[in-house]
Amino acid sequence: MHDINPKSELHGDIRKAVRQLCGDFGSHYWQSLEEHSGYPEAFVDALTQSGWLSVLIPEDYGGGGASLTEASVVLEEINRSGGNSGACHAQMYTMGTLLRHGSEEQKQKYLPLIASGELRLQSFAVTEPTTGTDTTKTRTFAERRGDRYVVNGQKVWISRVQHSDLMLLLARTTPFEDVEKKTDGLSVFLVDLRDAERKGLTVRPIKNMVNHETNEIFFDDFEIPAKNLIGEEGRGFRYILDGMNVERILIAAECIGDGYWFVDKARHYANERVVFDRPIGQNQGIQFPIAQAYAHVRAADLMRYEAAELFETNQPCGTEANLAKLLAADASWEAANVCLQTHGGYGFAVEYDVERKFRETRLYQVAPISTNLILSYLGQHVLEMPRSF
Amino acid sequence: MHVVVCTKVTPDTAAKVSVNDAGVVGWSEAPVINPWDEYAVTEAVLLKGDHGGQATVMTVGKQEHEEALKQGLAIGCDQAIRVWDDALEGHDNLQYSKAAAAAIEKLGDVDLVIFGKEFADTQTDQYVYQVARKLGWTSLGAVAKILEIDFNASTIKVERLLEQGKAVVSAKLPAVIAVLKDINEPKYPSFMGIRKAAKAEIPVWNLGELGIDVGEPKTKVAQYKNLPVRGSQVQLFDGTPEEAAAKLADKLIEEKVI
Ligand SMILES: Cc1cc2nc3c(=O)[nH]c(=O)nc-3n(C[C@H](O)[C@H](O)[C@H](O)COP(=O)(O)OP(=O)(O)OC[C@H]3O[C@@H](n4cnc5c(N)ncnc54)[C@H](O)[C@@H]3O)c2cc1C
């Protein structure tokens, strides 16, 4: 049967190469990782060595210098192949904050090593237990003492800490009460995780619904050299915001990859499975939901390309990036549900991968940003309705 | 150090072959680099990494075979060369090997030529030995490991995996080797490699430039045919083993088999 993605020839050489690599890490690989909650080390290594996770780093710093569309195709194809980009996608985009706001010295020091894979920067510590989505209420505090900052506080849901050498940290540097605007007074730091646990960082893994390495982390008088501050003190919130569009577009592409995977899996099964002497796909009750899910994946995909194109041509793309993420996450979740239903009881069997991908794609409704927050952005900033919170 | 890999495209090993009414052979999937050659290309790139120098990927074939050359570049070879001339149309391996050998000689400084074990479409490997013969170089097949290689002293020591066991063989360079899967873990094309391959302009050398003449084809393929369809049928008998056996016996008597 033909490829259901009409864009399968767009950046066809990238797609082909990523699919080839992913083909060596099939169902069995992902299933056995789940059995022991393992990290896909070999897969991430293979991706790194072939340069896929450093495509967004400019060539001057040893990266691939790819466009955002090309980078998004890489993550799309990982998920389209049945894999899970969530294990490593942040290696692709977390460095963006360093690239855009780091000093030349910081960039020269870290980016080439990140590009070559010698250093992994794939952790980003923002979320806190008490503040949730309201990032401006961040409590983790970094106090300047001479040539260092001393950090105290707690973060939660911080992913890949155990498989990263570096981590970006958002912390308050001026107390909330003392700032004019609530978005002021937050700063971003580059934290070296390699010896951090000896210096006052405690990492406590959180068991969760997907095989996703994520943790609670605690800072107890944890020292960071002042030279690891990124950009200016107090402007961290803005730095984080301006990386969001890239993240949204890349995550949308992952959802699109999932969406095509689910629809493809569903249509094959619907054609093959014979009940009451005919393929179940002959029943409108099975066929139409698959077609509907496909339509939504295709529509979301258009928004993802539009958002990426705006970004690449230096035009405002916040609305489109948010729309792409929202539509794509909804479409992949719909496709997941339809795929599971199409498989009947077999959808619950581990060997079909449907239940695993179903759980994995569900996450995109909540993280890195929850659906409601995108809707509130659209309501307020695009549709000019009152701020809802 | 200069290592050359000779390659071409073949159907993927999972592709199905059929002959259409016009007698033309077709495959169910788009052609890819001969799967065995991924090991050969990887070995060339690894040798380059260890010893410096350059790795060239080469094919004798029409435009469609550039796909294999691009894959070679994407995996890390430095340059690609395609040899083609309409005079080669309809020729067999022997003439192709003459062209390949002439191209390798034209490169001038080649120390080692690496082939995959065989070609996945025809499942033959005579081309490997024909090229070695035309060059007048030592050929070593079934190489599972390069144990030592010294480009300054022009020596190579390899482990060959034979039906009877392993053989460790030393030879002088330049040489031609055919490698098995055991030789390495094939490298994946990298993003940078793909970029380079997409931009690469691949030179095409014709027979005139190589200073050879291949004459008339010595063999001719008269016809390709599909495999005959198997007419056999399977019948399963149900019931307990005793009942199934009785039904089977009745059927065999009915069909006059017993
Ligand atoms: C597996 C996983 C990995 C993660 N990895 C990271 C990471 O690496 N780094 C990091 O910093 N964070 C990470 N997160 C955290 C993630 O970004 C947050 O969970 C998410 O942003 C939501 O925050 P919260 O859980 O505190 O939910 P809350 O803020 O408590 O919200 C709960 C629910 O209420 C809704 N809600 C809240 N406020 C409003 C409002 N005003 N209007 C309407 N609805 C509202 C939300 O949409 C949500 O559905 C991860 C989370 C998960 C589950």
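Residues numbered from 1 in each chain as written. Chains lettered and ligands numbered in written order. Predicted model: local features only at pLDDT ≥ 70, side-chain atom pairs only at ≥ 80, totals over all residues.

1. Regarding the overall build of chain B
The following threshold applies: To qualify as a helix, a DSSP run of H or I must reach at least 4 residues; to qualify as a strand, a run of E must reach at least 2; elements of each kind are numbered from the N terminus. We take the radius of gyration over the C-alpha atoms and set the globule estimate at 2.2 Å times the residue count to the 0.38 power. Residue burial is a threshold on neighbouring C-beta atoms within 10 Å of the residue's own C-beta, all placed from the backbone, with 20 or more meaning buried, 12 or fewer meaning exposed, and counts in between meaning partly exposed. Placing C-beta atoms from the backbone, we regard two residues as in contact once those atoms come within 7 Å.
Counting its regular elements, chain B contains seven helices and 13 strands. Compactness check: chain B gives a C-alpha radius of gyration of 23 Å against a globular reference of 18 Å for 258 residues, more than 25% above the reference. Seen through its C-alpha atoms, chain B measures out along the principal axes to roughly 75 × 45 × 40 Å. Looking at chain B residue by residue over its 258 residues, the buried ones come to 38%. Sequence-distant contacts in chain B: of pairs separated by 6 or more residues, those separated by 24 or more amount to 68%.

2. Here we look at the domain arrangement of chain A
Residues and elements named next belong to chain A. Worth spelling out the cut-off: Marked domain ranges trace back to an automatic or database domain assignment. Asp, Glu, Lys and Arg are counted as charged, while Ala, Val, Leu, Ile, Met, Phe, Trp, Tyr, Cys and Pro are counted as nonpolar; the rest, among them Gly, fall into the polar class.
The domain architecture assigned to chain A consists of domain 1 (12-116), domain 2 (121-235) and domain 3 (238-382). Placing a centre on the C-alpha atoms of domain 2 and another on those of domain 3 gives a separation of 31 Å. Listed per partner, the contact involves nine residues of domain 2 and eight residues of domain 3. Among the residues forming the side of domain 2 that touches domain 3, the class breakdown is six nonpolar, two polar and one charged.

3. Looking at the site of the ligand
Residue and element names in this part refer to chain A. Rules: Nearness here has a simple definition: the residue's C-beta atom, placed using the backbone, must lie within 6 Å of the molecule or strand.
Around the ligand sit 23 residues, and of these V126, G132, T133, S370 and F389 come closest. Secondary-structure elements contributing two or more residues to the shell around the ligand are β1 (121-125), β3 (148-159) and α12 (371-382). For the shell around the ligand, the class distribution of residues is 12 nonpolar, 11 polar and no charged. Residue-level mapping places the shell around the ligand at the junction of two domains, with at least three residues from each of domain 2 (121-235) and domain 3 (238-382).

4. Some details on the interface of chain B and chain A
In this complex, chain B contributes eight residues to the contact, which on the side of chain A involves 12 residues. When residues of the side of chain B that touches chain A are assigned to their parent elements, the largest contribution, four residues, is made by helix α5 (residues 191-199) of chain B.

5. Some points on the pairing of strand β4 (residues 166-172) of chain A
Residues and elements named next belong to chain A. Applicable threshold: A pair of strands is considered paired only if DSSP assigns at least 2 bridges between the two.
Judged by how many residues are buried, β4 sits mostly within the fold: seven of seven residues are covered. Every second residue of β4 is oriented toward a common face, with L166, L168, L170 and R172 on one face and M167, L169 and A171 on the other, all of them buried. Relative to strand β5 (residues 186-192), β4 is paired through seven bridges, and the arrangement is antiparallel. By the bridge assignment for β5, A171 is matched with S187.

6. Notes on helix α3 (residues 41-49) of chain A
All names here are of chain A. Our working rule: What the arc covers is the set of directions going from the helix axis to the C-beta atoms.
Of the positions making up α3, those classed as buried are F43, V44 and L47. Each buried residue of α3 sits inside an arc of 95° when the element is viewed along its axis, so together they form one side. Away from its buried face by more than 90 degrees, α3 exposes E41 and D45. Elements that come into contact with the buried residues of α3 comprise α1 (12-23). Count one or two residues on from α3 and you reach G51, which has phi positive near 80°.

7. Quick notes on the nonpolar core
Residues and elements named next belong to chain A. We apply this condition: For the purposes of this analysis, a nonpolar core is taken to be any set of buried Ala, Val, Leu, Ile, Met, Phe, Trp, Tyr and Cys residues that are connected through C-beta atoms within 7 Å.
Residues F189 and I249 are the most contacted members of the largest nonpolar core, which totals 173 residues. Broken down by element, the residue count for this core peaks at 18 residues, all from helix α8 (residues 236-272). Among residues more than four places away in sequence, those in contact with F189 are A142, Y149, L169, A171, I224, N228, L229 and I230.

8. A closer look at the sheet that holds strand β9 (residues 138-150) of chain B
Residues and elements named next belong to chain B. Read across the open sheet, the nine strands follow the order β11-β10-β9-β12-β8-β1-β6-β7-β13; overall the sheet is mixed. With one partner strand each, in any of the chains shown, β11 (165-172) and β13 (204-205) form the two edges of the open sheet. For strand β6 (residues 54-60) and strand β7 (residues 79-83), the ladder comprises five bridges, and the chain directions are parallel. Note on β7: the bridge partner recorded for V60 is V83.

9. Re the packing of helix α9 (residues 284-312) of chain A against helix α10 (residues 318-342) of chain A
Residue and element names in this part refer to chain A. Operational definition: Convention adopted: a line fitted to C-alpha atoms gives each axis, helices being fitted over their contacting stretch, and angles between N-to-C directions are expressed from 0 to 180 degrees. Every angle not falling under 35 degrees, over 145, or within 65 to 115 is termed oblique; those three ranges are roughly parallel, roughly antiparallel and roughly perpendicular. Helix crossings fall into two classes, left-handed where the near helix is turned counterclockwise from the far one by less than a right angle and right-handed where it is turned clockwise.
Packing of α9 against α10 leaves a shortest axis separation of 8 Å and a crossing angle of 160°. When the interaxial angle is binned, α9 and α10 end up roughly antiparallel. The way α9 lies across α10 gives a crossing that is left-handed. Residue classes in the contact of α9 with α10 are distributed as 18 nonpolar, two polar and four charged.

10. Structural notes on unusual backbone geometry
Cis geometry marks the peptide bond from A367(A) to P368(A), where omega comes out at 0°. Tracing the backbone through its elements, the reader meets P368(A) in the loop between α11 (354-362) and α12. That bond from L173(B) to P174(B) is cis: its omega, -5°, falls within 30 degrees of zero. Mapped onto the elements, P174(B) comes out in the loop between β11 and β12 (175-179). In this structure, W157(A) takes a positive phi of about 65° despite not being glycine. With respect to the secondary-structure elements, W157(A) resides in strand β3. You will see that K256(B), though not glycine, has its phi angle at about 60°, which is positive. Relative to the helices and strands, K256(B) is located in the segment after α7 (241-254). Among the residues examined, K256(B) registers 6 C-beta atoms within 10 Å and is labelled exposed.

11. Some remarks on the confidence of the model for chain B
The cut-off we apply is this: Confidence of the predictor at the level of single residues is captured by pLDDT, which takes values from 0 to 100.
For chain B, per-residue confidence averages 94 on the pLDDT scale, and residues scoring 70 or more make up 100% of the total. At the level of chain-chain contacts, confidence expressed as ipTM amounts to 0.88, with global pTM at 0.90.

12. A short note on the packing of α10(A) against α12(A)
Residue and element names in this part refer to chain A. α12 packs onto α10 with a crossing angle of 145° between their chain directions and a minimal axis gap of 10 Å. The interaxial crossing formed by α10 with α12 has left-handed handedness. On α12, the residues that touch T319, N322, K325, L326 and A329 of α10 are T371, I374, Y377, L378 and V382. Classifying every residue of the contact of α10 with α12 gives six nonpolar, three polar and one charged.

13. Things to note about the environment of A87(B)
Residues and elements named next belong to chain B. Topologically, A87 is positioned in the loop between β7 and α3 (93-107). Between the C-alpha atom of A87 and that of G215, which follows or precedes it by 128 residues, the distance is 8.2 Å. Excluding its chain neighbours within four sequence positions, the residues that come into contact with A87 are L207 and V214.

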